[in-house]
Amino acid sequence: GGSTFNMISPRLSVILAALLIGTTTAASSTDRPNFNGTARVKQHMHRTGNLVEGEQHLLKLIIKWQSIPGAEGYELCHECNHIDETTGRETGTLDAGDGTDGSIGALIPIEIGGKNMCGGQPCHVMPGAPKGHNKFHLRVKKGGNFGLWSKLQNFDVAEPGTFQHVEPEL
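Residues numbered from 1 in each chain as written. Predicted model: local features only at pLDDT ≥ 70, side-chain atom pairs only at ≥ 80, totals over all residues. Heavy atoms only, no water.

Caption draft 1: Molecular detail of the nonpolar core. Grouped together as the largest cluster of nonpolar side chains are 21 residues, with contacts concentrated most on Leu-61, Trp-65, Tyr-74, Leu-76 and Phe-136. Those elements giving two or more residues to this core turn out to be strand S1 (38-43), strand S2 (59-64), strand S3 (73-78), strand S4 (106-110), strand S6 (121-129), strand S7 (132-142) and strand S9 (153-157). In this structure Trp-65 touches Phe-35, Gly-37, Tyr-74, Leu-76, Ile-110, Gln-121, Pro-122, Cys-123, His-124 and Leu-138, once residues within four positions along its chain are discounted. Counting 5 residues, the second-largest nonpolar core is a separate cluster that includes Cys-77, Cys-80, Leu-94 and Trp-149. (Core = buried A, V, L, I, M, F, W, Y, C linked by side-chain atoms within 4.5 Å. Buried < 20%, exposed > 50% of the residue type's maximum accessible area, 1.4 Å probe, protein only. Helix = DSSP H or I, 4+ residues; strand = E, 2+ residues; numbered from the N terminus. Contact = heavy atoms within 4.5 Å.)

Caption draft 2: Region of interest: the pairing of S3. Of all 6 residues in S3, 6 are buried; the element is thus mostly enclosed. By the alternation rule, side chains of S3 split into Gly-73, Glu-75 and Cys-77 and Tyr-74, Leu-76 and His-78, which are all buried. Bridge count for S3 against S7 is 6 bridges, and the pairing is antiparallel. If you follow Gly-73 over to S7, its bridge partner there is Lys-141. Examined bridge by bridge, S3 and S4 share 5 bridges and lie antiparallel to one another. Within the sheet, the bridge partner assigned to Cys-77 lies in S4 and is Leu-107. (Pairing = 2+ DSSP bridges.)

Caption draft 3: Here's a closer look at the pattern of salt bridges. Considering all chains together, one arrives at 2 salt bridges under this definition. Ionic pairing is found between Glu-75 and Arg-139, a salt bridge with its closest N-O pair at 2.6 Å. Taken as a pair, Glu-75 in strand S3 and Arg-139 in strand S7 lie far apart in primary sequence, 64 residues in all. The pair formed by Glu-75 and Arg-139 is uniform in burial state, with each residue classed as buried. Where Arg-139 meets Glu-90, a salt bridge forms, and the shortest distance between an N and an O atom there is 3.1 Å. (Salt bridge = Lys/Arg side-chain N within 4 Å of Asp/Glu carboxyl O.)

Caption draft 4: Quick peek at the sheet that holds S6. Strands sit in the order S5-S6-S2-S1-S10 across an open sheet of 5 strands; the sheet is antiparallel. What marks the edges here is a single partner per strand, and that holds for strand S5 (117-118) and strand S10 (161-163). When S1 meets S2, the two strands line up antiparallel, connected through 6 bridges. Looking at the pairing, Ala-39 lines up with Ile-63 of S2.

Caption draft 5: Looking closely at the state of the cysteines. The tally for this structure, following the rule as stated, stands at 2 disulfides. Covalently, Cys-77 is tied to Cys-80 through a disulfide, its sulfur atoms 1.7 Å apart. Across the S-S bond linking Cys-77 and Cys-80, the dihedral sits near -50°, which makes this disulfide left-handed. For Cys-80, a relative accessible area of 1% gives the class buried. Across the disulfide, Cys-118 is cross-linked to Cys-123 (sulfur-sulfur distance 2.0 Å). Because the sign of the S-S torsion sets the handedness, a value of about 65° for the bond joining Cys-118 and Cys-123 places this disulfide among the right-handed ones. In this structure Cys-118 comes out as buried when scored by relative accessible area, which is 17%. (Disulfide = S-S within 2.5 Å.)

Next up, the structure:
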């Protein structure tokens, strides 16, 4: 009787290993993206290079990040307060506007390619960015579903230039 058990055991271990591998690859689609963005700030300019009359005080924010393999799309959340920084899960309504009026908590859908590319990397151009701290979270769409939100990236919009994440003041 014991020899039958020994013959099944290796086969069972192979099946278990295959199940475990399948589980880990499935879980990876919901991993939090490593959102390590950069922000460029420009003034509102005409294509001629002249400042747009009446918009001298407004700044255009360009957020750029590393392309994520297998991404079908992205969402940026601007000034969203209901995202758990430890887990990336939503803890309440995101207060999402449509992003067109610069509203707080704007959820911004970003398709792959086209106008959402800057120098070969995904990006988002936000005219009329408010001065001061602007925080963003990013999530990725894979297999038709959005995963968890990234840790926040906070950019201090003050004047034209290129910026990295800064820790927000508490």
